[in-house]
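Listed below, chain by chain, are the residues.
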Amino acid sequence: MKKLLIICLCIFCLSGCHRQEVIVGDDWRTTGVILDYGQVTQNGEKIEVVLTMDEEKAMLYLDSKEHIEFAELRFPEGFKDEYVSIDFSDLNEDGSSDISISFKESKLSWVWDKESGFVIV
């Protein structure tokens, strides 16, 4: 009986090791994946966004507790460089923000197109 109790306790303890606890008020922005914050203007509306990045693209999400995608900015194939900063200036003066991302050795820019979204230039 003592062995059965020890086995049950071990199983109970081990089963708790792999469970993720749901934390009330948990916020995806606290996971450390955000590189920067900014404000995009589209059609006169100011939208707070956050920037994340992987090897293929930069992603803008709404700066909110919910993980809501705003825009995907694809990199040219084979592009690799170290992130430095982001700028949301209106490059083509159409009243909507465009995006320029500065890297250690280069800079990529996307302009806003009403039909296609952000297009790399």
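The preceding data block contains the structure.
Report follows, based on the coordinates. Quick caveat, the model's predicted, so the values are computed rather than measured. (Residues numbered from 1 in each chain as written. Predicted model: local features only at pLDDT ≥ 70, side-chain atom pairs only at ≥ 80, totals over all residues. Heavy atoms only, no water.)

## Side note on the sheet that holds strand E3 (residues 57–62)
Alright, step 1. Overall, antiparallel pairing links the 4 strands, which are arranged E1-E2-E3-E4 in an open sheet. The open sheet has two edge strands with one neighbour each: strand E1 (36–42) and strand E4 (69–74). Strand-to-strand twist of the sheet, defined as the mean angle between neighbouring strand axes without regard to direction, takes the value 30°.
Alright, step 2. The pairing of strand E2 (residues 45–53) with E3 spans 5 bridges and is classified as antiparallel. Among the inter-strand pairings, Thr52 is bridged to a residue of E3, identified as Met59. (Pairing = 2+ DSSP bridges. Helix = DSSP H or I, 4+ residues; strand = E, 2+ residues; numbered from the N terminus. Axes fitted to C-alpha atoms, helices over the stretch in contact; angles between N-to-C directions.)

## So, the environment of Tyr61
Alright, step 1. With respect to the helices and strands, the residue Tyr61 is situated in strand E3.
Alright, step 2. Residue classification places Tyr61 among the buried residues on the basis of a relative accessible area of 13%.
Alright, step 3. Among all residues touching Tyr61, those that are not within four sequence positions of it are Trp28, Glu48, Val49, Val50, Thr52, His67, Ile68, Glu69 and Phe70. (Buried < 20%, exposed > 50% of the residue type's maximum accessible area, 1.4 Å probe, protein only. Contact = heavy atoms within 4.5 Å.)

## Remarks on the pairing of E2
Alright, step 1. When E1 meets E2, the two strands line up antiparallel, connected through 7 bridges. Within E2, the position partnered with Thr41 by the bridge is Lys46.
Alright, step 2. Two successive antiparallel strands, E2 and E3, enclose a turn made up of 3 residues.

## Details of the sheet that holds strand E5 (residues 83–87)
Alright, step 1. On the basis of which strands lie adjacent, the open sheet formed by 4 strands has the order E5-E6-E7-E8 and antiparallel pairing. Each edge of the open sheet is held by one strand with a lone partner, namely E5 and strand E8 (117–120). Taken over all neighbouring pairs, the strand axes of this sheet differ in orientation by 20° on average, direction set aside.
Alright, step 2. Bridge count for E5 against strand E6 (residues 99–103) is 4 bridges, and the pairing is antiparallel. In the strand pairing of E6, Ile86 is matched with Ile101.

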